[in-house]
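Single-letter residue listing:
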Amino acid sequence: MCQKKLQLILLLFVPLLGLGQAESYDTLMLGEQKLALHPALLKSINDGPYIFIEDGQLVEKNIVEGEVVKKVLSKDAFPTKFKRDKSKYKKVKKIAALSDIHGQYNLAVELLTNNQIIDKNLNWNYGEGHLLIVGDIFDRGPQVNETLWLFYNLEQQAEAAGGQVHVLLGNHEYMIFQQDVRYIHKKYAIVSHLLATSYTDMYGKETVIGRWLRSKSTIVKINDNTFVHGGFSKAFLANGYNMALINKEMSKSIDMHLDELERNKTYPRYFDEAGPIWYRGYFTDNLPDEEISEILSTVSANHLVVGHCSNETVVELYDGKIYGVDSSIKLGKYGELLFIEDNKYYRGTKDGKRLGF
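The rules behind each value
- All residue numbers refer to positions counted from 1 along the written sequence of the respective chain.
- Restriction of local features to residues with pLDDT of at least 70 applies here, the model being predicted, together with a cutoff of 80 or more for giving and counting side-chain atom pairs; totals for whole chains, interfaces and linings are based on all residues.
- Remark: hydrogens and water are excluded; side-chain values derive from all non-hydrogen atoms of the structure.
- Runs of H or I in DSSP of at least four residues are treated as helices and runs of E of at least two as strands, each being numbered from the N terminus.
- C-alpha atoms define the radius of gyration in this analysis, and the globule rule sets the expected value at 2.2 Å times the number of residues to the power 0.38.
- Any pair of residues with heavy atoms lying within 4.5 Å of one another is described as a contacting pair.
- Reported accessibility uses the Shrake-Rupley method at a 1.4 Å probe radius. Residues are deemed covered only where the shown protein chains occlude them.
- Counted as positive: Lys and Arg. Counted as negative: Asp and Glu. His and the chain ends are not counted at all.
- To locate a charge, take atom NZ for lysine, CZ for arginine, CG for aspartate or CD for glutamate.
- In this text, buried Ala, Val, Leu, Ile, Met, Phe, Trp, Tyr and Cys residues form a nonpolar core when linked through side-chain atoms within 4.5 Å.
- Think of it in three bands: with a 1.4 Å probe and only protein chains considered, a residue is buried below 20% of the maximum accessible area for its type, exposed above 50%, and partly exposed in between.
- In this description, a line fitted to the C-alpha atoms serves as the axis of each element, helices being fitted only across the stretch in contact, and the angle between N-to-C directions of two axes falls anywhere from 0 to 180 degrees.
- Under this grouping Gly is polar, as are all residues other than the nonpolar Ala, Val, Leu, Ile, Met, Phe, Trp, Tyr, Cys and Pro and the charged Asp, Glu, Lys and Arg.
- Strands qualify as paired when DSSP identifies two bridges or more between them.
- In the sections that follow, a salt bridge refers to a side-chain nitrogen of Lys or Arg positioned within 4 Å of a carboxyl oxygen of Asp or Glu.
- Each residue carries a pLDDT value, the predictor's own confidence for that position, ranging from 0 to 100.
- A pair of Phe, Tyr and Trp rings is counted when the ring centres sit within 6.5 Å of each other, with Trp represented by its six-membered ring. The angle between the planes then sorts it: under 30 degrees is stacked, over 60 is edge-to-face, the rest tilted.
- Charge over a ring is defined by NZ of Lys or CZ of Arg lying within 6 Å of the ring centre and within 35 degrees of the ring normal.

Student: Before we move on, can you summarise the overall build of the protein with the specific residues and values?
Tutor: When its secondary structure is counted, the protein shows 13 helices and 18 strands. At 21 Å, the protein has a C-alpha radius of gyration in line with the 21 Å of a compact globule built from 357 residues. For the C-alpha atoms alone, the extent of the protein along its principal axes is close to 70 × 45 × 45 Å. Long-range pairs, those at least 24 residues apart, make up 63% of the contacts in the protein between residues at least 6 apart in sequence. In the form shown here, the protein has an accessible surface area of approximately 16800 Å², with 48% of it arising from carbon and sulfur atoms. Distance from the positive charge centre (42 side chains) to the negative charge centre (45 side chains) of the protein: 4 Å.

As structure tokens, then:
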């Protein structure tokens, strides 16, 4: 259900246990469920920061025990313009990749720390290496905002060290851009209500993180590896393949209304089940090796690294042509990284071990 359909129902009377009276609470409709905003629930909500750009000012908003705390920042506290990420990188010696974090910040930090991508103080520790998040930071879990800020900060630290952080956009990022909030954690429905703005606009183009996200790509190629959230189907590639153009078209779609997208030729090509952020065929369709080789030839890569389809570990498919890096971090219990170093591929486990395939 879209954010605009989240209805605020006032003055819901909830009987007090043992009393013949009633107490009124604000209530949210989250999908088909009523969520009563009683004081104890609101007091448990802490979130932020959200940095809004309002009338040329940077305004920081935090939720502290259910109350909105605002302050105006200096104009240079955060950048408000971001360069678009490149699509291709060569001669990268160290690569690490994971995907589908879905708001499981604590597990992501544990995984990155134990594998020495970051140190115990959450600082970059991977030198000139490249870290890829292959889509789907958003939805499901309760710490999406913390995860976004983590990678926002690491990106700057990595660049200073000669490395790079690549946050690719997956289907759940685009769902939020398109006001599809079916999978947000209930915490964020409450935060949206408290901030008096839609969840989509909490990451809109008048926010710092929103502008940062709009600089991100859907596809990136590093050495002979192409990274994309879902993958490339034969049907999608039948219309040709131009990575820079796809990234441009996907980026242009971010601030289009859904009805505009549906009228645009971009929507059926990029956003149906055969498109690059939704495709699942490598895991579900038992494709012939010839088709996989043809796909790789079309995209001029020797390997594809994808997320989107959950497995218990990072997986190798089709004799190393495809790697799946959605290791079910979204469940909050376990996760892995894919390491590509010296043209060899390894699993990085939760406790920091390196395992071959």
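Student: Explain unusual backbone geometry residue by residue, including any values.
Tutor: Across the junction of Gly-48 and Pro-49, the peptide omega takes the value 5°, indicating a cis bond. Of note, Pro-49 is situated in strand E4 (residues 47-54). Phi is positive for Asp-139, which is not a glycine, with a value near 75°. As for its position among the elements, Asp-139 is in the loop between strand E9 (130-134) and helix H3 (144-160).

Student: So what's going on with the nonpolar core? Which residues, and what values?
Tutor: Counting residues in each nonpolar core, the largest one holds 86 residues, and the members touching the most others are Ile-117, Leu-131, Phe-151, Tyr-199, Phe-232 and Tyr-282. Per-element tally for this core: the top contributor is H3, with eight residues. Of all hydrophobic cores here, the second largest spans 17 residues; its members include Tyr-89, Leu-132, Ile-222 and Tyr-345.

Student: Give me the lowdown on the packing of helix H2 (residues 105-114) against H3, citing residues and values where you can.
Tutor: Running from amino to carboxyl end, H2 crosses H3 at an angle of 35°, the nearest separation of the two axes being 9 Å. Counting all contacts with H2, which are made through Tyr-105, Val-109 and Leu-112, the residues of H3 involved are Glu-146, Thr-147, Leu-150 and Phe-151. Within the contact of H2 with H3, the residues separate by chemical class into five nonpolar, one polar and one charged.

Student: Quick rundown of the sheet that holds strand E16 (residues 337-341)? Include the residues and the values.
Tutor: Spatial strand order, E10-E9-E8-E16-E17-E18: six strands in an open sheet with mixed pairing. Only two strands of the sheet have a single neighbouring strand rather than two, namely strand E10 (164-168) and strand E18 (354-355). When E16 meets strand E17 (residues 344-348), the two strands line up antiparallel, connected through five bridges. Looking at the pairing, Ile-340 lines up with Tyr-345 of E17. Together, E9 and E10 form the strand contacts of H3, whose direction differs from that of E10 by roughly 145°.

Student: Quick one: what's the story with the sheet that holds strand E6 (residues 67-73), residue by residue and with numbers?
Tutor: On the basis of which strands lie adjacent, the open sheet formed by three strands has the order E4-E5-E6 and antiparallel pairing. Unpaired on one side and paired on the other, E4 and E6 mark the two borders of the sheet. Strand-to-strand twist of the sheet, defined as the mean angle between neighbouring strand axes without regard to direction, takes the value 25°. The sheet contact formed by strand E5 (residues 57-64) and E6 spans seven bridges and is antiparallel. Each residue of the ladder has a partner; that of Leu-58, found in E6, is Leu-73.

Student: Can you lay out the pattern of salt bridges for me, pointing to particular residues and giving the numbers?
Tutor: Opposite charge on two side chains permits them to pair, given that their charged atoms come into close proximity. Counted according to the given criterion, the structure contains 12 salt bridges. Between Lys-216 and Glu-155 there is a salt bridge, and its shortest N-O distance comes to 2.4 Å. Here Lys-216 is found in the loop between helix H7 (208-213) and strand E11 (219-222), whereas its partner Glu-155 is found in helix H3, with 61 residues between them in sequence. There is no split in this pair, since Lys-216 and Glu-155 are both buried. Between Glu-249 and Lys-252 there is a salt bridge, and its shortest N-O distance comes to 3.7 Å. Residue Glu-249 and its partner Lys-252 are both found in helix H9 (residues 243-253); the two are separated by three residues, about one turn of the helix. For Glu-249, a relative accessible area of 18% puts it in the buried group. On the basis of relative accessibility, which here comes to 46%, the residue Lys-252 falls in the partly exposed class. Among the charged side chains, a salt-bridge network with shared partners connects Asp-47, Glu-146 and Lys-187.

Student: Provide a residue-level description of the confidence of the model for the protein, including the pertinent values.
Tutor: Confidence in the prediction of the protein, expressed as mean pLDDT, is 92, and 93% of residues score 70 or more. Confidence drops under a pLDDT of 50 for residues 1-22, and excluding neighbours within four residues, the segment shows 42 contacts in the predicted structure.

Student: How would you sum up H2? Please name residues and give values.
Tutor: Buried within H2 we find Tyr-105, Leu-107, Ala-108, Val-109, Leu-111 and Leu-112. Here the buried face of H2 lies against strand E8 (94-98), E9, H3, E16 and E17.

Student: Could you give an account of the packing of aromatic side chains, with specific residues and numbers?
Tutor: For the coordinates displayed, the defined rule picks out 21 aromatic pairs. Arranged with centres 6.0 Å apart and planes meeting at 75°, the rings of Trp-124 and Tyr-126 form a pair that is edge-to-face. Tyr-126 matches Trp-124 in its accessibility class, with the two residues each being buried. Their ring planes at 50° and their centres at 5.7 Å tell us that Phe-236 and Tyr-270 sit as a pair that is tilted. Of this pair, Phe-236 sits in helix H8 (residues 234-237) while Tyr-270 sits in helix H11 (residues 266-271), and the two are 34 residues apart along the sequence. In this structure, Phe-236 and Tyr-270 share a single accessibility class: buried. Members of the aromatic cluster, connected to one another through ring pairs, are Tyr-50, Phe-138, Tyr-188, Tyr-199 and Tyr-203. The ring of Tyr-183 carries the charged tip of Arg-140 above its face, separated from the ring centre by 5.1 Å.

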